[in-house]
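This is what each chain is made of:
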Amino acid sequence: THSRPTRMCSPAEFKRAWFALGVRDLSDAQVKAVFAQIGHDARGNMPYDVFVKALVLKSGRVLGLERIKKGAFEDADDARFMGKITYPQCRRGVQAPSDWLTAGRAITARSASMPTLALEPDFAHGFPGRGDLGNSLLQTKAGELAYYVGALGVVYDPRTHAQRFFRGHTGLVRSIAAHPDGETFATGQDGHNPVACVWSSRRGTGADGELPA
């Protein structure tokens, strides 16, 4: 059997073909992006049957021109995003559904809004273990224990078995450090928005057991 030779097209031929179809504002940079997305030989020619198959299979996308967002949607503005979404758990990224702007936008805007009800922490169970960036258990000047659990800074009083919380973080806390005064602590979070927060462990300085920044 004889295989049919692969039919190739150059960037100039590709651009002329789309011009004949009415796409007259295709720039050289856009053509180059498409060729990079589909692939080309050493001469820079692209197998157009591969392009046609990719176009049919990905009809809801503009090949080579799609926007890329790193990480999950986090606010209502992300609801307007259409393109590829990459995150560490996925090797090749995912695409927003083709009906996202009509069906998904309202859902994302609602999910990004603050809830009408709020939960107040009573007691944080657990203790940071392996994977932490340093010492995760410190002592305050008053003899209490300062550490972190999840996104909380925690001050635990072993005499009363009660906790107070610093709730200024928006991601997982991975480190804690103490000031020489024994009352001021700094906690650091990683993730999409890494920040460090400085707060006081003194009793009575915050409302309802919450520690102030």
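Here is what the cut-offs are and how they apply
Residue indices begin from 1 for each chain and proceed along its sequence in written order. In keeping with the model being predicted, local features are shown solely for residues with a pLDDT of at least 70 and side-chain atom pairs are shown and tallied solely at 80 or more, while totals for entire chains, interfaces and linings include all residues. Water and hydrogen atoms were dropped before computing side-chain values, which therefore reflect all heavy atoms in the structure. Comment: elements are numbered from the N terminus, with helices defined as DSSP H or I runs of at least four residues and strands as E runs of at least two. For every residue, the accessible area (1.4 Å probe, protein chains only) is compared with the maximum for its type, and the residue is labelled buried under 20%, exposed over 50%, or partly exposed between those bounds. Whether two residues are in contact is decided by their heavy atoms: any pair within 4.5 Å suffices. Between any two strands, at least two bridges found by DSSP are needed for them to pair. Every case where a carboxyl oxygen of Asp or Glu lies within 4 Å of a side-chain nitrogen of Lys or Arg is listed as a salt bridge. All axes are obtained by fitting lines to C-alpha atoms, using only the stretch in contact for helices, and the reported angles, taken between N-to-C directions, cover 0 to 180 degrees. If an angle is under 35 degrees, it is roughly parallel; if it is over 145, roughly antiparallel; if it lies from 65 to 115, roughly perpendicular; otherwise it is oblique. Here a crossing is called left-handed whenever its near helix is offset anticlockwise from the far helix by less than a right angle, and right-handed whenever the offset is clockwise.

**Student:** Explain the overall build of the protein chain here, please?
**Tutor:** A tally of regular secondary structure across the protein chain gives four helices and 12 strands. Looking at the protein chain as a whole, 28% of its 213 residues are labelled buried. The contacts in the protein chain between residues at least 6 apart in sequence include a share of 36% that link residues at least 24 apart.

**Student:** Would you explain the sheet that holds strand 5 (residues 94-95) in this entry?
**Tutor:** Note on sheets: strands pair through backbone hydrogen bonds, and any given pair is parallel or antiparallel. Pairing is mixed across the open sheet formed by three strands, whose spatial order is 3-4-5. For this open sheet the edge positions go to strand 3 (67-70) and strand 5, each flanked by a neighbour on one side alone. Where strand 3 and strand 4 (residues 83-86) come together, four bridges link them in parallel fashion. Bridge pairing in strand 4 places K70 opposite T86.

**Student:** Please clarify how the pattern of salt bridges should be interpreted in this entry.
**Tutor:** Proximity of charged atoms lets side chains of opposite charge pair with each other. Under the defined criterion, the tally for this structure stands at seven salt bridges. For the salt bridge of E144 with R164, the shortest nitrogen-to-oxygen distance reads 2.9 Å. Pair noted here: E144 is in the loop between strand 6 (138-139) and strand 7 (145-149) and R164 is in strand 9 (residues 162-166), with a separation of 20 residues, a long-range link. The pair formed by E144 and R164 is uniform in burial state, with each residue classed as buried. Between R202 and E183 there is a salt bridge, with its nearest N and O atoms 3.7 Å apart. On the criterion of sequence distance, the pair formed by R202 in the segment after strand 12 (195-200) and E183 in the loop between strand 10 (173-178) and strand 11 (184-189) is long-range, its members being 19 residues apart. Residues joined by salt bridges that share partners form a network here, namely K141, E183 and R202.

**Student:** What should I look at first to understand the packing of helix 1 (residues 11-20) against helix 2 (residues 28-38) in this one?
**Tutor:** Helix-helix packing is described using two parameters, namely the angle between the two axes and the distance between the axes. At their nearest, the axes of helix 1 and helix 2 sit 10 Å apart, and the two run at 110 degrees to each other. Relative to helix 2, the element helix 1 lies roughly perpendicular. Of the two elements, helix 1 crosses helix 2, and the hand of that crossing is right-handed. Residues P11, F14 and K15 of helix 1 form the contact with helix 2, whose participating residues are D28, V31, V34 and F35.

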